[in-house]
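# Commentary on secondary and tertiary structure
Spelled out from the first residue to the last, the chains are:
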Amino acid sequence: MKKYYLSITVLLLILSFASTNSSYAQKETDKTESPYFFVKSDDPSVDQLPLKATSVEANIAGVIADVCVKQVYKNEGKNPIEATYLFPASTRAAVYGLQMTVGDRIITAEIKEKEKARKQYEKAKKQGKRASLLEQHRPNVFQMNVANIMPNETIEVELTYTETLIPEEGIYEFVYPTVVGPRYQPDEKSDLMASSNNGFANNPYLSAEEKSTATFQIQSSISAGLPIARIASPSHKVTVNYAHKTTANISLDKNEQNGGNRDYILRYELKGKQIASGLLLHEGDKENFFMMMVQPPKRIAPKSIPPREYIFVVDVSGSMNGFPLSISKKLFRNLASHLNAQDKFNLLLFAGKSALFSKESVTASTKNIEEVIQWIDGAQGSGGTQILPALQRALQLKQDSHYATSIVVITDGYVTVEPETFDLIRNNLSNANVFAFGIGSSVNRHLIEGMAYAGQGEAFIVTQRDEAEAQAERLRRYISRPILTDISLEFDGFNAYDVAQQSYPDLLADRPIVVFGKYKGKPKGTIALKGKTGKNSTYVYDVDVAEAAQISNTNNHKALRSLWARERIRLLSDYNELAPHPKQVKEITQLGLKYNLLTKYTSFLAIDKERVNPNKPTSTVKQPLPLPKGVSNRAIGLYDELPPEEAVPTAAMRVYPSNVPPPPPPPPPPPGLIISEEPAATPEELEELILPEEPEFEEEAEIFGIVEQQPEFVGGQDSLFAFLVRNIKYPQAAKDKKVEGTVYVGFVIDKDGSIKDVNIKRGLKGDDAGCHAEAVRVVKMMPKWKPGKQRGKLVEVNYTLPIKFKLENSETKKTPKEEEEVFQIVDNMPEFVGGQDSLFAFLVRNIKYPQAARDKKVEGTVYVDFVIDKDGSITDVSIKKGMKGDDAGCHAEAMRVVKMMPKWKPGTHRGNRKVKVAYTLPIKFKLEGSPSE
């Protein structure tokens, strides 16, 4: 089970919950690395939002981008603070500089070993000195700490990095990631997992409805060296000014100052789709560096394409809910619909558990493709992101030796287990190669690129629905035939050494091959890149070094020094060993120190000599991050709304045995309308994994799937149920033929509450014997509903109602003992409507840290006992275990919130008998900034 703590920033509370059932129990001392929602307290002494602005200047010259990022911190509170801010960067960024500006003083940071830098920073913080510390959590996730920001003081921190832009299909792309998406941290370590540092996952987030208080600006310039054909940004509104046919300046639209919730993407193309290939040189004081960019030959279309097996692994976790999952479904439809008839495929959906379409891959027939598309359309984004068990299961599926297997992973990558994922894929390369699709506006590119790198495949990023078809076509092209194989380098008369990459995988994408290295002596001789384009065709690309040296100003490419070192570090550590060898750690550390680069083992530290805070304690404030655009609150465990129990559509998905032991099954989902009684589940039915079904939702759509205020049948769910019972009839023909099953009726609730567009979303296979018609008839005769609202306006809303036709079966009578007994453990534990995530959301909205407890600095855990009755109501609320001494109102507050809870889904025992169940809810009151347990 997923474990939760709610850490609400500054003088609010941390909540946890458990029941007496061991599968739900949570120890008081458990901690979480999960992200959490930020809730601003009413304490004016501490500025909880110290980051005021981020501005970026990106200068692109040829194929090298130099980027300067300025972060402005201001303390508008009354007490000194330490600000911490988590932010992303390019996966290839070579961070080479940091400086801190206070007033007129500029303090330049020094590169130091990570442990030493952290100790010196903590010492400076205690001494009351201003200090800035920049650390790396992942190659694309950094953390900034700024200590002792005094009241009304502004501190500006500026970091600089450089990266190489590698065009694909003639298109150059510069990406500036703006926000770190929430990372799912598995609760328990399995054999697949290592103890990697995932502390960065524990970060506050604004809700999906909130905008960041920090403004965002970015200015870009391009000096291409060749005529520019076009420039565009698919992510933001920009203004482009051409200074010359080879240069341009790009500025962000003034209305985009809150655009820091998605990656900034800038694409440009040169006239005739030219590529600035060739050789760049840099002569340093002690070392000389080179970078060679080689445009590959055109792809040779294969005469015949051998049959392939595709195993699609699709993420349907909470962070994919809504728009990202809608993109994924469209992408999958494009991929599946264009499979060749001789191909095979399978589909595995995963969240907290995984569901498999078929025990073995099936042929790409029209019937099978229609069935799998219908199947994935029933998936809803909910739950954690257990990617490791899902990948292991996919890799262990039985494969046909006559087919070349490709695993296609579709996810946003919001996990903390990147090293474990790469290691798993690398250790199973003999089984299949891996292609990874990153879905969303701000994906974890480190995971997406790393899976493809480890699996010798390719990475794709899909940020918009209209990109899905083009990206699917790219995958088909890449798999059909590599552009270049057996790639090698030869140096003749050119004294090259320390070439960053010694071997090259087959080139699948239409992108240049980039070679970094060092050289000695005068630049002369030749460099030859060789490879095979077909069975007997050899491709050779020669570079005359002396000629390139005359064209290239060898002192004008200083960035090559940092880029060579970053490429070397990337190959040593980014996607490699789960547990690095000490020799490897030492080499990476030395590279960082020698070339002044941020790495896993080196950090930047700037300390001001002035002592500004000798006495006052410092409050540490974690800057809350906006959720990436299109990501719902479910990404960190909360539902956007509490769906009515009977209105939650479901789609049954068959789960086949796996070598990976699955986690304990969740409680069964709420059924739709059940006509007559239902017998106990068979062992075969217990194998089924139920994943909720969700209509496709797009924020800009006229007809909504999820809205802030859901439509409601007049009188509520009980009245809807009563209406259906009164009016629906089991068709006689269906009874005679013993037809059973669930009919999913889709319809639209109009702005005036009327019902329209009634249809069968999914029904009974074969002869339904009138069940479909009966379900549609009753839905059409419904009275007007209370319509739904979005942002205060009445809107049209899609709705799906499952109606289950089940032949009557007798029910065992309850014993008098079971009528009155209060159980501690039952077959199916009670469930808060909407699940644990919704319970968590309810507590967040309603519980308050008593002012008296805050004033007296009272902390501790209150254990509230209560009984969930057979109708789901809450009774017998009491304090099982509380705080010693003066609780300053914490006991009363905990009981108040429990008493106001809505009805639960009651517990059942020995079949479907509803019983009373005792439940214990621990609520932890903890002041912000106090020591962790």
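Remember, it's a predicted structure, so these values are computed and weren't measured experimentally.

This part takes up the overall build of the chain. Scanning the chain from terminus to terminus reveals 18 helices and 48 strands. Roughly 39,700 Å² of accessible area belongs to the chain as shown, and the carbon and sulfur atoms make up 49% of that amount.

For the structure shown, the criterion picks out 43 salt bridges. As a salt-bridge pair, D377 and R333 come within 2.8 Å of each other at their nearest N and O atoms. Linking D377 in helix α3 (residues 366–377) with R333 in helix α2 (residues 323–337), this pair joins segments that are 44 residues apart in sequence. Put simply, R777 and E774 hold a salt bridge, and the shortest N to O gap is 2.8 Å. One end of the pair, R777, and the other, E774, are both in helix α14 (residues 771–780), 3 residues apart, so they sit about a helical turn from each other. Look at E774 and you get buried, because its relative accessible area is 11%.

Ordered by their spatial adjacency, 4 strands build an open sheet running β20-β21-β31-β30, and the pairing between neighbours is antiparallel. Each edge of the open sheet carries a strand with a single partner, namely β20 (278–283) and β30 (496–497). Inspection of the sheet shows strand β21 (residues 288–294) paired to strand β31 (residues 513–519) by 7 bridges, in the antiparallel sense. Bridge pairing in β31 links F290 to G517.

This paragraph deals with α2. Helix length check: α2 (15 residues) gives 21 Å between terminal C-alpha atoms against 21 Å at 1.5 Å per residue, within 8%. Burial runs high along α2: 12 of the 15 residues are buried. Three or more residues of α2 are buried, namely F323, P324, L325, S326, I327, S328, K329, L331, F332, N334, L335 and A336.

A separate point is the packing of aromatic side chains. For the coordinates displayed, the defined rule picks out 26 aromatic pairs. Between F289 and Y595, the aromatic rings sit 6.3 Å apart at their centres with planes inclined by 80°, giving edge-to-face as the arrangement. Note that F289 is positioned in strand β21 and Y595 in the loop between α10 (582–594) and β34 (602–611), a separation of 306 residues in sequence. Relative accessible area serves as the criterion here: at 2%, Y595 is assigned to the buried category.

In this section: empty space enclosed by the protein. Using the criterion set out here, one finds 6 cavities of 30 Å³ or more in the structure. Each pocket or cavity is described by its volume, and for the largest cavity that value is around 230 Å³. Together, 25 residues line the largest cavity, and L51, T54, Y85, T178 and G260 are the ones closest to its centre. Counting only elements with at least two residues in the lining of the largest cavity, the list comes to β4 (51–61), β5 (64–74), β6 (81–88) and β15 (215–223). The greatest single-element share of the lining of the largest cavity, amounting to 4 residues, is contributed by β6. When grouped by side-chain class, the residues that make up the lining of the largest cavity number 15 nonpolar, 10 polar and no charged.

Take helix α18 (residues 890–899) next. Every α-helix winds through 3.6 residues per turn, so residues three or four apart in the chain are directed the same way. Counting buried positions over the 10 residues of α18 gives 7, a clear majority of the element. Of all the positions in α18, only C890, H891, E893, A894, M895, V897 and V898 are classed as buried.

Let's shift gears to the sheet that holds strand β17 (residues 238–244). Spatially, β8-β7-β12-β5-β4-β15-β18-β17 is the arrangement adopted by the 8 strands of the open sheet, whose pairing is mixed. The open sheet is flanked by β8 (105–108) and β17, the only strands paired with a single partner. In this sheet, adjacent strand axes meet at a mean angle of 15° when their direction is disregarded. Here β15 pairs with strand β18 (residues 247–252) via 5 bridges, running antiparallel. Following the sheet pairing, I222 is matched in β18 by A248.

Despite not being glycine, N148 shows a phi value in the positive range, around 60°. Its place among the elements puts N148 in strand β11 (residues 141–149). According to the relative accessible area criterion, N148 is buried, its value standing at 0%. With a phi angle near 55°, K738 is a residue other than glycine that sits in the positive phi range. Relative to the helices and strands, K738 is located in the loop between α13 (732–736) and β40 (741–749).

Scoring rules and cut-offs
Residues numbered from 1 in each chain as written. Predicted model: local features only at pLDDT ≥ 70, side-chain atom pairs only at ≥ 80, totals over all residues. Heavy atoms only, no water. Helix = DSSP H or I, 4+ residues; strand = E, 2+ residues; numbered from the N terminus. Areas by Shrake-Rupley, 256 points an atom, 1.4 Å probe, with all protein chains shown as cover. Salt bridge = Lys/Arg side-chain N within 4 Å of Asp/Glu carboxyl O. Buried < 20%, exposed > 50% of the residue type's maximum accessible area, 1.4 Å probe, protein only. Pairing = 2+ DSSP bridges. Expected span 1.5 Å × (residues − 1). Phe/Tyr/Trp six-rings, centres within 6.5 Å; stacked < 30°, edge-to-face > 60°. 1 Å grid on protein atoms, 1.4 Å probe; cavity = no way out; pocket = protein on both sides within 12 Å on 5 of 7 lines; lining within 4 Å. Points joined across faces, edges and corners; volume = space filled by probe spheres on them. Nonpolar A, V, L, I, M, F, W, Y, C, P; charged D, E, K, R; others polar. Axes fitted to C-alpha atoms, helices over the stretch in contact; angles between N-to-C directions.

Limitation: the analysis is restricted to geometry and does not speak to function.
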